[in-house]
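Read off the chains here:
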Amino acid sequence: MSRAAQLLMLIASLPEAERSVTRMAAELGTSVPTVYHLLNTLVDAKLLTRDERKQYRFGLAMEVLSVAYAQQSVPPPELVAPLRRIIEETGESAYLTAWRTGNPVVLAHLSGTHAVQVTNLRPGYRGVANARASGKVLLAFAEPEERERYLAMNPLTAVTEKTITDPDVFEKELRQVARNGYATEVEEFSAGVACVAVPVWRNGMLMGCYTISAPVERYRKQRSHYLAVLRAAVAMLDEEEVAAEDGGGDATPAASGTGGGR
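Here is what the cut-offs are and how they apply
- Residues numbered from 1 in each chain as written.
- Predicted model: local features only at pLDDT ≥ 70, side-chain atom pairs only at ≥ 80, totals over all residues.
- Heavy atoms only, no water.
- Helix = DSSP H or I, 4+ residues; strand = E, 2+ residues; numbered from the N terminus.
- Buried < 20%, exposed > 50% of the residue type's maximum accessible area, 1.4 Å probe, protein only.
- Contact = heavy atoms within 4.5 Å.
- Areas by Shrake-Rupley, 256 points an atom, 1.4 Å probe, with all protein chains shown as cover.
- Pairing = 2+ DSSP bridges.
- Polar contact = N/O pair within 3.5 Å; in protein donor to acceptor, adjacent residues only side chain to side chain.
- Axes fitted to C-alpha atoms, helices over the stretch in contact; angles between N-to-C directions.
- Parallel < 35°, antiparallel > 145°, perpendicular 65-115°, else oblique.
- 1 Å grid on protein atoms, 1.4 Å probe; cavity = no way out; pocket = protein on both sides within 12 Å on 5 of 7 lines; lining within 4 Å.
- Points joined across faces, edges and corners; volume = space filled by probe spheres on them.
- Nonpolar A, V, L, I, M, F, W, Y, C, P; charged D, E, K, R; others polar.
- Core = buried A, V, L, I, M, F, W, Y, C linked by side-chain atoms within 4.5 Å.
- Salt bridge = Lys/Arg side-chain N within 4 Å of Asp/Glu carboxyl O.

Q: Can you help me understand the overall build of the protein chain in this one?
A: Summing up its helical and strand segments, the protein chain has 10 helices and seven strands in all. A total of 262 residues make up the protein chain; the buried ones form 44% of that total. When contacts within the protein chain are restricted to residue pairs at least 6 apart in sequence, long-range pairs at least 24 apart make up 60% of them. For the protein chain, the accessible surface area stands at approximately 13400 Å², while carbon and sulfur atoms represent 52% of it.

As structure tokens, then:
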């Protein structure tokens, strides 16, 4: 990754009050003059701007890029690749879900190898986030404004008799998800089906979440294993990023598939 790209990612991960040039130089392991040169280059490209207080913020060009990213339906291959590891380790269907245009949207799916499959959604599915493990994760870790906007526009709809529809109960559920670092749902979206989901973070940003879906009986026996595999899939992304930065080779080729997830 080039120094300019590293600098952009660093700025995205730092609170605005901590974006000093000396801090950025220390984080990048380079000199202050080098950071100033990179910042000026990014300002010229309108990827960054500098306000009257000499604070660096993202510029108009970055907004164009972020909107384009948020609208694309095909996820980055490096986020899809760990799904293959998940199904190899569990035999269950695995999904990638992320925020797109203000909604938790299923982006990718790989079918499991077990004879009993529980897939009934397709990529592009959005809605009833309160009934989906992935929806709970994305809402629990979203920016407060984004979460409030979604909930204001999407009432807590019942899909099954076990779906959470009470706002106070759902708020407690999201706080629990934030504390635990993962979300579950048992027959809240589909009878006989349970799911567990974990967030995918990259440089302090929520990129989406991975979900495993399984019949309730298998889920209750294997939940701890499923959770460990999901967390290992997220760690796999960190390992591939380090390998790429060290010139250690290409990332695992992306898997493809059709179907759905939660």
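Q: I would appreciate a short explanation of the pairing of strand S7 (residues 205-215) in the present structure.
A: Both faces of the sheet carry side chains from a regular strand, because those side chains alternate between them. Among the 11 residues that make up S7, eight are buried, leaving the element largely enclosed by the rest of the structure. Of the pairings in the sheet, the one linking strand S3 (residues 93-100) to S7 comprises five bridges and is antiparallel in character. Residue pairing for S7: alanine 94 is matched across the bridge by isoleucine 212. Direction of pairing for strand S6 (residues 193-202) relative to S7: antiparallel, over a ladder of 10 bridges. Counted as the bridge partner of cysteine 195 is serine 213 from S7. Here S6 folds back onto S7, and the loop between the two strands holds two residues, one of which, asparagine 203, carries a positive phi near 50°.

Q: Whenever I open this one, the side chain of glutamate 92 confuses me. Can you help?
A: With respect to the helices and strands, the residue glutamate 92 is situated in the loop between helix H6 (82-90) and S3. Taking relative accessible area as the criterion, glutamate 92 reaches 2% and is therefore assigned buried. In terms of polar contacts, glutamate 92 uses its side chain to reach the side chain of tyrosine 226, at 2.7 Å. Non-local contacts of glutamate 92, meaning those with residues more than four positions away in its chain, are made with Ile87, Gly112, His114, Ile212, Ser213, Ala214, Pro215, Arg218 and Tyr226.

Q: Looking at this structure, how should I read helix H7 (residues 133-140)?
A: Think of an α-helix as 3.6 residues a turn; residues three or four steps apart then line up on the same face. The element H7 is largely enclosed, with a buried count of eight among its eight residues. Within H7, the full set of buried residues consists of Ala133, Ser134, Gly135, Lys136, Val137, Leu138, Leu139 and Ala140.

Q: Mind showing me how you'd approach the packing of helix H2 (residues 21-28) against helix H3 (residues 32-44) here?
A: Working note: a packed helix pair is described by the angle between its axes plus the distance between those axes. Two elements in contact, H2 and H3, have axes separated by 9 Å at closest approach and are oriented at 105°. The orientation of H2 relative to H3 falls into the category roughly perpendicular. Residues Val21, Thr22, Met24, Ala25 and Leu28 of H2 lie in contact with H3, whose contacting residues are Val32, Val35, Tyr36 and Leu39.

Q: Teacher, can you tell me more about the layout of surface pockets here?
A: Here the second largest pocket is characterised by a volume of approximately 220 Å³. If you go around the second largest pocket, you meet 13 residues; those closest to its centre are Arg147, Leu151, Phe170, Glu171 and Leu174. Taken together, the elements giving at least two residues each to the lining of the second largest pocket come down to helix H8 (144-153) and helix H9 (167-180). Ranked by residues supplied to the lining of the second largest pocket, first place goes to H9 with six residues. Residues that form the lining of the second largest pocket fall into these classes: eight nonpolar, one polar and four charged.

Q: Quick question: what am I supposed to make of the nonpolar core here?
A: The nonpolar side chains of a soluble globular protein tend to be buried, and buried together. Membership of the largest hydrophobic core comes to 29 residues, with the highest contact counts inside it found for Leu83, Ile86, Leu96, Val196, Val198, Tyr210 and Leu230. Secondary structure elements with two or more residues in this core: helix H5 (77-80), H6, S3, strand S4 (103-110), S6, S7 and helix H10 (216-245). When residues in this core are grouped by element, the largest group, nine residues, is from H10. Those residues in contact with leucine 83 that sit more than four places away from it in its chain are Ala94, Tyr95, Leu96, Ala108, His109, Leu110 and Tyr210. The next biggest cluster of nonpolar side chains, apart from the first, holds 20 residues, and it includes Leu139, Val193, Ala197 and Cys209.

Q: Explanation requested: the pattern of salt bridges in the structure shown.
A: Pairing is possible between side chains of opposite charge, provided their charged atoms come close. A complete count under the given rule lists nine salt bridges for this structure. Among the ionic pairs, arginine 23 bridges to glutamate 18, the shortest N-O distance being 2.9 Å. Given a relative accessible area of 28%, arginine 23 falls into the partly exposed group. The partner of lysine 162 in a salt bridge is glutamate 187, with the nearest N and O atoms 2.8 Å apart.

Q: Help me understand the sheet that holds S6, please; the structure alone is not making it clear to me.
A: To summarise the sheet geometry, strands pair through backbone hydrogen bonds and adopt either a parallel or an antiparallel arrangement. If you walk across this open sheet you meet the five strands as S4-S3-S7-S6-S5, and the pairing is antiparallel. The sheet is open, and its two edges are formed by S4 and strand S5 (183-186), each paired on a single side. Neighbour-to-neighbour, the strand axes of this sheet turn through a mean angle of 25°, independent of strand direction. Both S3 and S4 contribute to a ladder of seven bridges, which runs antiparallel. The partner of alanine 94 across the bridge, within S4, is leucine 110.

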